[in-house]
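Chain residues, written in single-letter form:
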Amino acid sequence: MSKIRDSIVGCLLGTAVGDALGLPYEGMTGSRGGSMFPDRCRLHFLPGYGMVSDDTEHACFTARALIASKGDPDRFEKELAWSLRWWLLGMPAGIGFATLRSILRLWVGIPPERSGVFSAGNGPAMRSPLLGVAYGNSPERLREFVLRSTRLTHTDPKAYYGALAVAVAAHASAEGSVAPHDFLRVLRETLHDAPAGELLGLIDRACSSAERDEPVSAFATGIGSRNGISGYMYHTVTCVIQVWLRHQKDYSAGIKEIITAGGDTDTTAAVLGGIIGAGVGHAGIPRNLLAGIVEWPRSTAWMERLGIVLARSLKEPGNAEAPGYFVPAIPLRNASFLLVVLAHGVRRLFPPYR
Ligand SMILES: [Mg+2]
């Protein structure tokens, strides 16, 4: 498999497995999650099996929009906006509030460049690793695509800076291994004309923390994210980068650690999984976990095909087309997913509480 193709496939599958592993722990503290499901390297959404949430769906929408765009940012933004509009009609169970409001704004006719709402939630981070793998070689183009992807739903500049940091990390991961402060230097160059001093300061702390091999739960508390890693973009991104810098070639160790920290675990594990996956490729994602994801009609095999077509389209933007799937099955799939989410909600009413 060519290098870019393996990075893209690894990024998509790494996102899916991280999402599926993190999902049952979402919103719990690390200690309660550990009491409920002690083995964090096992799928628990269904006993021994997993499904994916909005994080993976957004990564797949990004791939489809990149394929359809043929490198044109306007077209990319329009395609992504249509994916989000149709996605909402399928009644997805997990959707961030800012994303929901933005999609409603798209549906009432507000154009994609103005549909976003002022929020620094971590939604755009789920769409970023793939953008980094695709366009990390060209900082200007990368900034443009990350901006288009971010402003669709989130307009606080912090959301854009954070999403860009994720993309730069995914690109660095696809290129090989990187020393923490070398990564910071590259990020500074990419963000050079943006007033992103606060984020760069936090990433500087994440780099020093990674050099000391500090557990991410301690680092998260130190930057003010108590009771787990929150969905605030700067908390999510700095913690994900802290873990990635310490486990660049060890997918399972990285994912296990970020889930252990608790909080917005499906998104933190999905974004981290996308970044590490870009570095380790398909072979670095545990095969038993991939096989344990029970998704239909968008299976992990479909995601792999999607990644392969995207890689081809980046080389020859001519006539590549994203693989199809049985769209009418989506509401049924989403209803089944919702039932399991509700079952987890009921389970959480009972002990253990910490
Ligand atoms: Mg999610």
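Our structure is the block above this text.
Just so it is clear, the model here is predicted, and its values are computed rather than measured.

Colleague: Would you mind going over helix H13 (residues 251–260) with me for this structure?
Modeller: For an α-helix, 3.6 residues make a turn, and residues three or four places apart therefore share a direction. Listed as buried for H13 are Tyr251, Gly254, Ile255, Glu257, Ile258 and Ile259. Packing partners of the buried residues in H13 comprise helix H1 (3–22), helix H11 (216–222), helix H12 (233–246), strand E2 (262–263) and helix H14 (265–280). Once H13 finishes, Gly262 follows within two positions and takes phi at roughly 75°, a positive value.

Colleague: I keep staring at the coordination of the magnesium ion and nothing clicks. Help me out?
Modeller: Tetrahedral coordination by four donors places them ideally at 109.5 degrees to one another around the metal; octahedral coordination by six donors ideally gives 90 or 180 degrees. Protein coordination at the magnesium ion: the donors are Ser53 (OG), Asp54 (OD), Asp55 (OD) and Asp266 (OD), at 1.9 to 2.4 Å from the metal. Coordination of the magnesium ion draws on donor residues from a single chain, spaced S-D-D-x210-D in sequence. Of the two residues, Asp55 is situated in helix H3 (residues 54–69) and Asp266 in helix H14; the sequence distance between them amounts to 211 residues. The same class applies to Asp55 as to Asp266, namely buried.

Colleague: What exactly am I supposed to notice about the nonpolar core here?
Modeller: Soluble globular proteins: nonpolar side chains tend toward being buried together. Ranked by internal contacts, the top residues of the largest apolar core, which has 104 residues, are Phe183, Ile203, Ile241 and Trp244. If one sorts the elements of this core by residue count, helix H8 (residues 157–175) sits on top with 13 residues. Ignoring any residue separated from it by four or fewer positions in sequence, one finds Ile241 in contact with Ala165, Ala169, Phe183 and Ile203. In terms of nonpolar packing, the next biggest core, distinct from the first, is built from five residues, Leu23, Phe45, Met51 and Phe337 among them.

Colleague: How do you make sense of the state of the cysteines when you look at a structure like this?
Modeller: Note on terminology: disulfide describes a covalent bond linking the sulfur atoms of two cysteines. Taken as a whole, this structure holds zero disulfides when the rule is applied. Between Cys41, a free cysteine, and Cys239, which holds the nearest cysteine sulfur, the sulfur-to-sulfur gap is 19 Å. For Cys239, a relative accessible area of 0% corresponds to the buried category.

Colleague: Honestly, the environment of Glu214 in this entry has me stumped. Any pointers?
Modeller: Within the secondary structure, Glu214 is located in the loop between helix H10 (197–211) and H11. Measuring from C-alpha to C-alpha, the distance between Glu214 and Gln242 comes to 8.9 Å, with 28 residues separating the pair along the chain. Excluding residues that lie within four positions of it along the chain, Glu214 makes contacts with Ser209, Phe219, Gln242, Arg246 and Glu257.

Colleague: Please clarify how a nonpolar patch on the surface should be interpreted in this entry.
Modeller: A surface patch of nonpolar side chains, amounting to about 460 Å² of accessible area, comprises Trp82, Trp86, Leu89 and Trp107. At three residues, the largest contribution of residues to the nonpolar patch is made by helix H4 (residues 73–89).

Colleague: What exactly am I supposed to notice about the pattern of salt bridges here?
Modeller: Pairs may arise between side chains of opposite charge once their charged atoms sit close together. Tallied over the entire structure, the rule returns 12 salt bridges. A salt bridge links Lys158 to Glu198, with the nearest nitrogen and oxygen atoms 3.6 Å apart. Pair noted here: Lys158 is in helix H8 and Glu198 is in helix H10, with a separation of 40 residues, a long-range link. The class for Lys158 is partly exposed, based on a relative accessible area of 25%.

Colleague: Help me out: how do you make sense of H1 in this one?
Modeller: Its 20 residues place the ends of H1 28 Å apart at the C-alpha level, agreeing with the 28 Å of an ideal helix rising 1.5 Å per residue. With 16 of 20 residues buried, H1 lies mostly within the body of the structure.

Colleague: Which parts of the structure should I look at to understand the packing of aromatic side chains?
Modeller: Each aromatic ring pair is summarised here by two numbers: the centre-to-centre distance and the angle between the ring planes. Tallying each qualifying case throughout the model produces 13 aromatic pairs. Both rings, one in Trp82 and one in Trp107, keep their centres 5.9 Å apart while their planes meet at 85°; by these two values the pair is edge-to-face. One end of the pair, Trp82, is in helix H4; the other, Trp107, is in helix H5 (residues 97–107), and 25 residues separate them in sequence. Ring geometry for Tyr160 versus Tyr161: centroids 5.8 Å apart, planes at 50°, classification tilted. Judged by relative accessible area, Tyr160 falls into the buried class, the value being 16%. Feature note: the residues Phe76, Tyr135 and Phe145 constitute an aromatic cluster, connected by ring pairs. Stacked on the ring of Trp82, the Lys or Arg Arg85 has its end atom at 4.0 Å from the ring centre.

Colleague: What am I meant to see in unusual backbone geometry here?
Modeller: With glycine set apart, most residues show a phi of negative sign, and most peptide bonds adopt trans. For the peptide bond that leads from Trp296 to Pro297, omega is 10°, which places it in the cis range. Tracing the backbone through its elements, the reader meets Pro297 in the loop between helix H15 (287–291) and helix H16 (300–315). A cis amide bond links Pro351 with the next residue in sequence, Pro352, at an omega value of 0°. In this structure, Pro352 sits in the segment after helix H17 (330–347). A positive phi is found at Met91, a non-glycine position, where the angle reads about 55°. Within the secondary structure, Met91 sits in the loop between H4 and H5. Met91 gets classed as exposed once you look at its relative accessible area, which sits at 66%. The backbone phi angle of Asp213 is positive, close to 55°, even though this residue is not glycine.

Colleague: Would you mind going over the side chain of Ser7 with me for this structure?
Modeller: Counting through the fold element by element, Ser7 comes out in helix H1. A relative accessible area of 6% places Ser7 in the buried class. Among the polar contacts listed, one links the side chain of Ser7 to the backbone oxygen of Ala278, at a separation of 3.0 Å. Aside from chain neighbours lying at most four places away, what touches Ser7 is Val133, Ala174, Gly277 and Ala278.

Reading guide: rules and limits
Residues numbered from 1 in each chain as written. Predicted model: local features only at pLDDT ≥ 70, side-chain atom pairs only at ≥ 80, totals over all residues. Heavy atoms only, no water. Buried < 20%, exposed > 50% of the residue type's maximum accessible area, 1.4 Å probe, protein only. Helix = DSSP H or I, 4+ residues; strand = E, 2+ residues; numbered from the N terminus. Contact = heavy atoms within 4.5 Å. Donors = N, O, S within 2.8 Å, 3.2 Å for Na, K, Ca; no water. Core = buried A, V, L, I, M, F, W, Y, C linked by side-chain atoms within 4.5 Å. Disulfide = S-S within 2.5 Å. Patch = residues over 30% accessible without salt bridge, like charges linked within 9 Å, V, L, I, M, F, W, Y side chains within 5 Å. Areas by Shrake-Rupley, 256 points an atom, 1.4 Å probe, with all protein chains shown as cover. Salt bridge = Lys/Arg side-chain N within 4 Å of Asp/Glu carboxyl O. Expected span 1.5 Å × (residues − 1). Phe/Tyr/Trp six-rings, centres within 6.5 Å; stacked < 30°, edge-to-face > 60°. Lys NZ or Arg CZ within 6 Å of the ring centre and 35° of its normal. Polar contact = N/O pair within 3.5 Å; in protein donor to acceptor, adjacent residues only side chain to side chain.

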